[in-house]
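Residue-level structural notes
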Amino acid sequence: MVHDNSSQPRMSPGSYEEDIRLLLAPRLASFEAVARHEHVTRAAHELSVPQSTLSRAMVRLEADLGVALFARKGRTVSLTPAGRTFLTTVERALAEVERAADSVRADADPTAGRVSFGFLHTMGSETVPALIRAFRADHPKVRFQLVQNYGEAMLKGLRAGELDLCLTSPVPDAPDLVARRLDEQRLRLVVPDDHRLAGRKRIRLIEAADEAFVTLEPGYGLRRITDDLCAEAGFTPRVAFEGEEAETLRGLVAAGLGVALLPPPAVPRPGVVELSVTAPRAVREIGVAWLDGHPDTPPVAAFKEFLLSRRGRLLPTFSS
């Protein structure tokens, strides 16, 4: 192996950590092949590169590290102690790269890939399981990473690349997102079964203006919808308790701690009565959102198409 003394870019001390990965990464597989074969020509043949190119690359690698990795005798080489230490870590790094490549290829597989799917807590008991069951009738091997969260957190997940798609409410309107309305869900005023309004079937929301409300915390889509509906009715709700789960709020209502605007439950809960709201029109729109310009893998594209095909019939019949 002939040393090449031609001028090469050198790293300044201040930029060493930033630049070392750019300098070393393309050469790691070449180093591993030379170390394994202990012969430059055989390694070059395996890598399908000229022997002279591989030889120069190893010289530059040593120069950049400032350490001799090989003891040379013609085209035959053997590792120095530093070279053996370096090889151990390089082999682990290359194995991690291979595992990462296998993982992303598996996730993109059209028949058995992965979809990272976010949805609201209130859709976790019935809506989402039913959707996935229906989708997997035609795509039985597609895998799902499911994330339950509130709307703003899911939109952050989309922007961070942690989610492929999410079901959320309200339907977001942001320049970096694409959103499609899929369905709407009626909200009901939930009161304790011994409440003064419990004998009613319908109510105008203004009739609850003097009640204490239990609501989701600020930042949740349903909290914003509740505030907006109350404002449209002509009052600001007096919030007594805030929570993170709709069913927890139902429990608080059953305990007589307030009233709440909530979507229908999957299973009727004792201790509460659910009243239809006639004015204003109390609904929440449900939509699917994804990051604009973000390329879809085949399984994500298939599930997106499936969700869009469910427009108007996304929710179970009890949610109407």
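I will try to describe carefully the structure that is included in this document. Since the structure is predicted, the reported quantities are computational estimates derived from the model, not experimental observations.

Hydrogen bonds along the backbone pair up the strands of a sheet, which may run parallel or antiparallel. On the basis of which strands lie adjacent, the open sheet formed by four strands has the order 8-12-7-11 and mixed pairing. Sheet topology places strand 8 (202–204) and strand 11 (260–262) at the edges, where each strand pairs with a single neighbour. Sheet twist, expressed as the mean angle between neighbouring strand axes with direction ignored, is 45°. With three bridges connecting them, strand 8 and strand 12 (residues 272–279) associate as parallel partners. Of the residues in strand 12, the one forming a bridge with Arg 202 is Ser 276.

Take the packing of aromatic side chains next. Evaluated as defined, the whole model comprises eleven aromatic pairs. A centroid spacing of 5.9 Å and a plane angle of 40° characterise the contact between Phe 117 and Phe 119, whose relative ring orientation is tilted. The buried category is assigned to Phe 117, whose relative accessible area is 0%. Following the ring pairs from residue to residue traces out a cluster consisting of Phe 117, Phe 119, Phe 135, Phe 144, Phe 303 and Phe 306. Cation over ring: Lys 304 sits above Trp 290, and NZ or CZ is 4.0 Å from the ring centre.

In this structure the tally under the stated criterion is 20 salt bridges. Between Asp 107 and Arg 114 there is a salt bridge, with the nearest N and O atoms lying 3.2 Å from each other. The salt bridge partner of Arg 250 is Glu 247, with a shortest N-O separation of 2.8 Å. Note that Arg 250 and Glu 247 are positioned in helix 9 (residues 246–254) at a spacing of three residues, about one turn of the helix.

Now for the pairing of strand 4 (residues 143–148). Note: strand 3 (residues 114–119) against strand 4, six bridges, orientation parallel. Opposite Phe 119, over in strand 4, you have Gln 148 as the bridge partner.

Turning to the sheet that holds strand 3, a few remarks are in order. Judged by pairing direction, the sheet is mixed, and its five strands sit side by side in the order 4-3-5-13-6 without closing on themselves. Of all strands in the sheet, those bounded by a partner on one side alone are strand 4 and strand 6 (177–186). Across the sheet, the mean angle from the axis of one strand to that of its neighbour is 20°, orientation sign disregarded. The sheet contact formed by strand 6 and strand 13 (residues 283–291) spans nine bridges and is antiparallel. Following the sheet pairing, Ala 179 is matched in strand 13 by Ala 289.

The rules we used
- Residues numbered from 1 in each chain as written.
- Predicted model: local features only at pLDDT ≥ 70, side-chain atom pairs only at ≥ 80, totals over all residues.
- Heavy atoms only, no water.
- Pairing = 2+ DSSP bridges.
- Helix = DSSP H or I, 4+ residues; strand = E, 2+ residues; numbered from the N terminus.
- Axes fitted to C-alpha atoms, helices over the stretch in contact; angles between N-to-C directions.
- Phe/Tyr/Trp six-rings, centres within 6.5 Å; stacked < 30°, edge-to-face > 60°.
- Buried < 20%, exposed > 50% of the residue type's maximum accessible area, 1.4 Å probe, protein only.
- Lys NZ or Arg CZ within 6 Å of the ring centre and 35° of its normal.
- Salt bridge = Lys/Arg side-chain N within 4 Å of Asp/Glu carboxyl O.

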